[in-house]
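Below are the chains, spelled out letter by letter.
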Amino acid sequence: MTHVVELPTVDDTHGFGRRLAGLLRAGDLLLLTGPLGAGKTALTQGIGAGLGVLGDITSPTFVIARVHRPDPARGGTVALVHADAYRLGDAADPRAEIDDLDLDASVDESVTVVEWGEGLVEQLVEAHLQVRVDRRDDDTRVVELEPVGGDWAQRLAALG
């Protein structure tokens, strides 16, 4: 069952990310897909705020991956690993580069969000959440959440 939500503004995208964070727990993997500028990082910023992590969430395109530790003062209890596989697509073997990021070493104790990771990181866990973000001409973001295995469908039902 796919869950679709329309988000008219960037603030709405952040707010939805915060709501989504309320469903997340250590070991979760989210794969974000969509065109450049669609709002993948904006959604991740909301997730980071909802998880109560340290540091500004910015696009990890040039550093490939960032770890944001939980901030107990903000209610944070789990780290956020934010990775971007966009630049890996030109590599001869992008899966080897993903392996070099060692995401499997932290996936069990963090929430892992990978932009452009479809076809590259699904094997890290048995179940994940596929998140497609599109942006219309009026800047409305359309976010489509597709549960893949596990209890994702039940958790998404809580979003209403």
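Residues numbered from 1 in each chain as written. Predicted model: local features only at pLDDT ≥ 70, side-chain atom pairs only at ≥ 80, totals over all residues. Heavy atoms only, no water.

I'd like a description of the nonpolar core, backed by residues and values.
General note: in soluble globular proteins, nonpolar side chains tend to be found buried as a group. Ranked by internal contacts, the top residues of the largest apolar core, which has 28 residues, are Leu30, Ile47, Leu51, Val131 and Val143. At the level of elements, β1 (3-7), α1 (10-21), β2 (29-33), α2 (40-51), β5 (110-115), β6 (128-135), β7 (141-148) and α4 (152-157) are the ones that each hand at least two residues to this core. Excluding anything up to four places from it in sequence, Ile47 contacts Gly17, Arg18, Leu20, Ala21, Leu24, Leu30 and Leu80. Grouped together as the second largest cluster of nonpolar side chains are six residues, Leu29, Ala83, Val114 and Val125 included. (Core = buried A, V, L, I, M, F, W, Y, C linked by side-chain atoms within 4.5 Å. Buried < 20%, exposed > 50% of the residue type's maximum accessible area, 1.4 Å probe, protein only. Helix = DSSP H or I, 4+ residues; strand = E, 2+ residues; numbered from the N terminus. Contact = heavy atoms within 4.5 Å.)

Please give an account of the packing of aromatic side chains that cites residues and values.
A full pass over the atoms with the stated rule returns zero aromatic pairs. Over the face of the ring belonging to Trp152 we find Arg155, whose NZ or CZ atom lies 4.0 Å from the ring centre. (Phe/Tyr/Trp six-rings, centres within 6.5 Å; stacked < 30°, edge-to-face > 60°. Lys NZ or Arg CZ within 6 Å of the ring centre and 35° of its normal.)

Before we move on, can you summarise α2 with the specific residues and values?
With 12 residues, α2 should cover 16 Å at 1.5 Å per step; its first-to-last C-alpha distance of 16 Å lies within 8% of that length. Most of α2 sits inside the fold, with nine of its 12 residues counted as buried. Every buried residue of α2 is accounted for by Lys40, Thr41, Ala42, Leu43, Thr44, Gly46, Ile47, Gly48 and Leu51. Those residues of α2 that are buried lie in contact with α1, β2, β4 (79-84), β5, β6 and β7. Count one or two residues on from α2 and you reach Gly52, which has phi positive near 70°. (Expected span 1.5 Å × (residues − 1).)

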